[in-house]
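Summary of structural features
If you want the building blocks of each chain, they are given just below.
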Amino acid sequence: MKFLVAAFLFFATAAQAALAPGTLSDLAQETRARALQKELRCVVCQGESVDESGALIAADIRRLIRERIAAGESDAQIKDYLVGRYGDFILMKPPLEPNTWLLWFGPVAVLLIGSAVGAVVVIRASRQSKITK
Amino acid sequence: MTAEIGQLSLTLALALSLVMAAAGLSGARVTAGVSRRVASNSAMGLLVFIVLAFATLEYASIVSDFSILNVANNSSLAKPLLYKITGVWGNHEGSMLLWVLVLALYTAAIALAKRGSDRLTSAALGIQGLLAAAFLIFILFTSNPFLRIDPPPFDGAGLNPLLQDLGLAVHPPTLYIGYVGLSASFAYAAAALITRELDAAWARAARPFMLAAWIALTIGITLGSWWAYYELGWGGFWFWDPVENASLMPWLVGTALLHSALATERTGAFRTWTLLLSIAAFSLSLIGTFLVRSGVLTSVHSFANDPERGTFILIMLVLAIGGALALFAWRAPSLETGSAFEPVSRETALLANNVLLVTAAATVFLGTLYPLFLDAFTGTKISVGPPFFAVTFVPVFVVLLILLPLGPRLAWHRSAIVEAVRPLIPALGVALIAAAIVSAIADTHVLVAAGAFGLAAWVISASFLDLYKRPVKTAAAFAVAIAHAGLGVTLMGVAETTLWRAETLSLLGPGETAQVGPYTLTMGKIERADGSNYAAIRADIHVSKGGTAIATLTPAKRVYPLEQQETAETAIRTNGVSDLYLALGDERGIGHFIVRAYYNPLAPFIWFGGAIMALGGLTSLWGRLRARSAQPAADAVAAE
């Protein structure tokens, strides 16, 4: 009987670990952990986040995030640590650095140039409209 | 014998496409009538031979002729008949053949439509001939589906299990009808630059093709998103995956094109801009094909890739896009006449629409390609995922949606803002009420949810209000209201599913329960449920709500031994307003399985909205084709 209980406990805890490595009891902390793992990429997967990946390394990172949150580290500290180990590749949102300026400011530039050209077109068309009238 | 018929058909098709290119392009200069007939007949011949080649490959797949390498690599005896038929385009060679088949269909449609002058049609067919020739050379020399293998294997290698699904069987053809449909407006744009014929008749000739392509892209993207939702087992509907982005870019630019071409047709405004968008939309289709087919991406969709082929597609890409842009730079300045409209007018609204849609497309373009370029040139690897698009793409679309209801209210040339907007005041009221109700019932993400719902209510109610206020309710007016409302419906689905989804990960043995959203799940019996080419485990999960039993869902997990792959067969119960989504995971401990459960409120609206948008497009196309019987006579009068 004792053996059965022990076996059950063993399987239950093993399963629990594989599922969600030690869900944090503090709801705010758990919410932080979930938000953080959505912003991190599973480094061996194809475009999946750490949050949704079934890969072992993703489970390790989920556990690491919870350990460090429980130890009182900030989100930025945890991210810095992971970037130090895996590089910027692990961030789903690339940092703003000289080599990502084009990525971040490109859309803004398109919007500004487009608006400027659009404004010129409208001004010209409105002049044209007054002449023909 | 089958492979030889296919090979011969492709070769003859290549010869005919070259004849079509030569005849069509010469028709732009001289004796257009004769050239047009030669090019049109070549187009018909091209269609016949491509259909023959495609049918040959289908036949080989259905009878499991493993002496053909392509069939041996991608099929197997045990594969169900349906997937023997649809599996033909589930691999690289077959999907390229499908691409050319759709191209041949559009080319034949251009030849038969008899829209536009002889010179314009000739030139457009000439361009289509060049495209067909390029793709046929690509198929014959790098991706030949009819290569033999000796000795033939006893059984084939099978098809990727993820592709053995009805959704994915119809997804690629739909998407290709969209991608390749943009080749028609590209051909008409190039033809306009060659012949300098760019008038309302041009816009009338090209528009049905733009519409057909846009409808197909809308349906294709919607189906793709739905497939990812139920097949990948993560409960997500859009992953900002490079392959998804590759289909979104032509859609965004195609949407801009539809709006810009409207102004060109009605008032002659934005002529050269419309041409440039036609070129850009198809260029993005080609880039999408390159991204997916060359293997430069590693994403969930890159099933069939081979870097060797990338070089060839890249050369084709540079020639087609570079050639078209050079032609544009050379001829466009002489075609621009300038337009006359007041700052408050429909034209200005369409201009704003275009600036925002092009910005959105540029955002997706950079987000998709920048990591590839950075890696290629500096070796630095970065990831661009959903959080990037949440802060770049989403704000642009929010502004677009806020302004969207105003556009259809404004008159061409000049309009009075107050009179145009006043009828929309009730819509503003509906939006505020919707936002208030949502903020009252929401317990998380209150502000964002209220904003999103208010915005969706604004777009939907304003669309119908605009239609109601119109004195003459044409098919075009219905089309605008339906398509715009569809966008609002999709927004509701996207917002609520993203903000309020409930998700439970649990380990369940028989009799054990878990809670997700308002539902209680109880694990029932777990049993084997093998199919002809897979082994599977299926779980009965009893669903109840507030103590009353509602249904029993049976998610399953399949293992395909031949392909050595697992798939999750999700079980989704939808009531049209929300989805309960169950996926069965691995066994942990004896008789205990991981069950991933999601409660996705309003998720079905995402795809309803896509379908409604496509319906709007169909309404517009129907209106045009119906009005057409009256049109040739008017064109004939105008031409004389």
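Residues numbered from 1 in each chain as written. Chains lettered and ligands numbered in written order. Predicted model: local features only at pLDDT ≥ 70, side-chain atom pairs only at ≥ 80, totals over all residues.

**Things to note about the overall build of chain B**
For clarity, the threshold we go by: Each helix is a run of DSSP H or I of at least 4 residues and each strand a run of E of at least 2, with the numbering of both proceeding from the N terminus. Radius of gyration here is computed from C-alpha atoms only, and the compact-globule reference equals 2.2 Å multiplied by the residue count raised to the power 0.38. Comment: burial labels come from other C-beta atoms within 10 Å of the residue's own C-beta, placed from the backbone, where a count of 20 or more is buried, 12 or fewer is exposed, and between is partly exposed.
Each helix and strand in chain B was counted, giving 19 helices and 10 strands. By the compact-globule yardstick of 26 Å for 640 residues, chain B fits well, its C-alpha radius of gyration being 26 Å. On the principal axes, the C-alpha backbone points of chain B span a range of 80 × 75 × 50 Å. Split into buried and exposed, the 640 residues of chain B put 54% on the buried side.

**Re the overall build of chain A**
The line we're drawing: Contact between two residues is assigned when their C-beta atoms, built from the backbone, lie within 7 Å.
Looking only at helices and strands, one finds 5 helices and 0 strands in chain A. Ordered by position from N to C terminus, the α and β elements of chain A give α-α-α-α-α. Scored against the burial criterion, the 133 residues of chain A give a buried share of 23%. The long-range fraction of contacts in chain A, counting pairs at least 24 apart against all pairs at least 6 apart in sequence, stands at 47%.

**Topic: the pairing of strand 10 (residues 593-601) of chain B**
All names here are of chain B. Applied cut-off: The pairing criterion is simple: DSSP has to find at least two bridges between the two strands.
With 7 of 9 residues buried, strand 10 lies mostly within the body of the structure. Pairing analysis gives 7 bridges linking strand 1 (residues 502-508) to strand 10, with the strands arranged antiparallel. Looking at strand 10, one finds that Ser506 is bridged to Val595. Bridging between strand 9 (residues 578-587) and strand 10 involves 8 bridges; their strand directions are antiparallel. The residue bridging Leu584 from the neighbouring strand is Val595, located in strand 10. Joining the antiparallel neighbours strand 9 and strand 10 is a turn of 5 residues, in which Gly589 adopts a positive phi near 80 degrees.

**Focus: the environment of Met492 of chain B**
Residue and element names in this part refer to chain B. Along the chain, the position of Met492 falls in helix 17 (residues 475-500). On the basis of neighbour count, Met492 is assigned to the buried category, with 23 C-beta atoms found within 10 Å. When the C-alpha positions of Met492 and Ser345 are compared, they lie 29 Å apart, and in sequence the two are 147 residues distant.

**Notes on the domain arrangement of chain B**
As a reminder of what qualifies: An automatic or database domain assignment supplies the residue ranges for each domain.
Taken domain by domain, chain B comprises domain 1 (1-161), domain 2 (165-385), domain 3 (401-500) and domain 4 (502-603). Here domain 1 of chain B and domain 3 of chain B have C-alpha centroids that lie 44 Å from each other.

**Comments concerning the sheet that holds strand 10 of chain B**
All names here are of chain B. Keep this limit in mind: Axis definition: a line fitted to C-alpha atoms, limited for helices to the stretch in contact. Angles are taken between N-to-C directions and run from 0 to 180 degrees.
The antiparallel open sheet is built from 4 strands, whose spatial order is 1-10-9-8. Taken across any chain shown, the strands that pair with only one partner, and hence form the sheet edges, are strand 1 and strand 8 (571-574). On average, adjacent strands in this sheet sit at an angle of 15 degrees to one another, irrespective of strand direction.

**Description of helix 4 (residues 75-86) of chain A**
Inclusion rule: Here, expected helix span is obtained from the residue count minus one, scaled by 1.5 Å.
In this model, helix 4 of chain A (12 residues) spans 16 Å end to end at C-alpha, consistent with the 16 Å of a helix rising 1.5 Å per residue. Immediately beyond the C-terminal end of helix 4 of chain A, within one or two residues, lies Gly87 of chain A, with a positive phi of roughly 85 degrees.

**Looking at the pairing of strand 3 (residues 519-528) of chain B**
Residue and element names in this part refer to chain B. Across 4 bridges, strand 2 (residues 513-516) lies against strand 3 in antiparallel orientation. By the bridge assignment, Ala514 is partnered in strand 3 with Leu521. Adjacent in sequence and paired antiparallel, strand 2 and strand 3 are bridged by 2 residues, among which Gly517 carries a positive phi angle near 55 degrees. Of the pairings in the sheet, the one linking strand 3 to strand 4 (residues 535-545) comprises 7 bridges and is antiparallel in character. Bridge pairing in strand 4 places Thr522 opposite His542.

**A few points about the environment of Ala191 of chain B**
Residue and element names in this part refer to chain B. With respect to the helices and strands, the residue Ala191 is situated in helix 7 (residues 166-195). Among the residues examined, Ala191 registers 31 C-beta atoms within 10 Å and is labelled buried. As a C-alpha pair, Ala191 and Ala124 span 67 residues in sequence and 5.0 Å in three-dimensional space. When sequence neighbours within four positions are dropped, the list of residues in contact with Ala191 reads Leu120, Ala123, Ala124 and Ile127.

**With respect to the interface of chain A and chain B**
Tallying the contact residues gives 38 residues for chain A and 40 residues for chain B. Looking at the side of chain A that touches chain B element by element, the count peaks at 17 residues for helix 5 (residues 101-132) of chain A.

**Topic: the nonpolar core**
Residues and elements named next belong to chain B. Short version of the rule: To count as a nonpolar core, a set of buried Ala, Val, Leu, Ile, Met, Phe, Trp, Tyr and Cys residues must be joined through C-beta atoms within 7 Å.
Counting 202 residues, the largest nonpolar core has Val100, Phe135 and Val253 as its most contacted members. Among the elements that make up this core, the one with the highest residue count is helix 8 (residues 200-231) (18 residues). Listed in part, the 21 residues of the second largest apolar core include Leu508, Leu582, Leu584 and Val595.

**Details of unusual backbone geometry**
Residues and elements named next belong to chain B. That bond from Asp150 to Pro151 is cis: its omega, 0 degrees, falls within 30 degrees of zero. You can see Pro151 is positioned in the loop between helix 6 (118-142) and helix 7. Unusually for a residue other than glycine, Phe270 sits at a positive phi of about 55 degrees. Among the structural elements, Phe270 can be located in the loop between helix 9 (242-267) and helix 10 (271-294). The buried category is assigned to Phe270, around which 24 C-beta atoms lie within 10 Å. If you check the backbone angles, His413 has positive phi at about 70 degrees while not being a glycine. Taking the number of C-beta atoms within 10 Å as the measure of exposure, His413 has 18 and is therefore partly exposed.

**Some points on the confidence of the model for chain A**
Residues and elements named next belong to chain A. This is how it is decided: A residue's pLDDT is the predictor's confidence in that residue, given on a scale from 0 to 100.
For chain A, the mean per-residue pLDDT works out to 79, and 80% of the residues sit at or above 70. Confidence scores differ between elements of chain A, with helix 1 (residues 2-19) showing the lowest mean pLDDT of 41 and helix 4 the highest of 92. In the predicted structure, residues 1-21 sits below a pLDDT of 50 and forms 16 contacts with residues beyond four places in sequence or in another chain.

**Things to note about the packing of helix 15 (residues 425-441) of chain B against helix 16 (residues 446-469) of chain B**
Residue and element names in this part refer to chain B. This is how it is decided: Reported orientations rely on four angle classes, namely roughly parallel under 35 degrees, roughly antiparallel over 145, roughly perpendicular from 65 to 115, and oblique for the rest. Working rule for handedness: look at the near helix, and if it is turned counterclockwise from the far one by less than a right angle, call the crossing left-handed; if clockwise, right-handed. Nonpolar residues are Ala, Val, Leu, Ile, Met, Phe, Trp, Tyr, Cys and Pro. Charged residues are Asp, Glu, Lys and Arg, and all others, Gly as well, are polar.
At a minimum axis distance of 7 Å, the contact between helix 15 and helix 16 shows a crossing angle of 150 degrees. Relative to helix 16, the element helix 15 lies roughly antiparallel. Where helix 15 crosses over helix 16, the two elements pack in a sense that is right-handed. The residues of helix 16 that touch helix 15, namely those facing Pro426, Ala427, Leu428, Val430, Ala431, Leu432, Ala434, Ala435, Val438 and Ser439, are Val446, Ala449, Ala450, Gly451, Phe453, Gly454, Ala457, Trp458, Ser461, Ala462 and Leu465. Across the contact of helix 15 with helix 16, the residue classes tally to 17 nonpolar, 4 polar and no charged.

**Some words on the environment of Thr520 of chain B**
Residue and element names in this part refer to chain B. Mapped onto the elements of the fold, Thr520 is located in strand 3. Thr520 sits in the partly exposed class, given 17 other C-beta atoms within 10 Å. Separated by 483 residues in sequence, Thr520 and Arg37 place their C-alpha atoms 68 Å apart.

**A closer look at helix 5 (residues 92-113) of chain B**
If you check helix 5 of chain B, its first and last C-alpha atoms are 31 Å apart, about what 22 residues at 1.5 Å a residue would give, namely 32 Å. Looking one or two places after helix 5 of chain B, you find Lys114 of chain B, whose phi comes out positive at around 50 degrees.

**Looking at the packing of helix 9 of chain B against helix 10 of chain B**
All names here are of chain B. In contact at an axis separation of 9 Å, helix 9 and helix 10 are set at 165 degrees when each is read in the N-to-C sense. On the basis of the axis angle, helix 9 is roughly antiparallel to helix 10. The handedness of the crossing between helix 9 and helix 10 comes out as left-handed. Residue composition of the contact of helix 9 with helix 10, grouped by class: 16 nonpolar, 8 polar and 1 charged.

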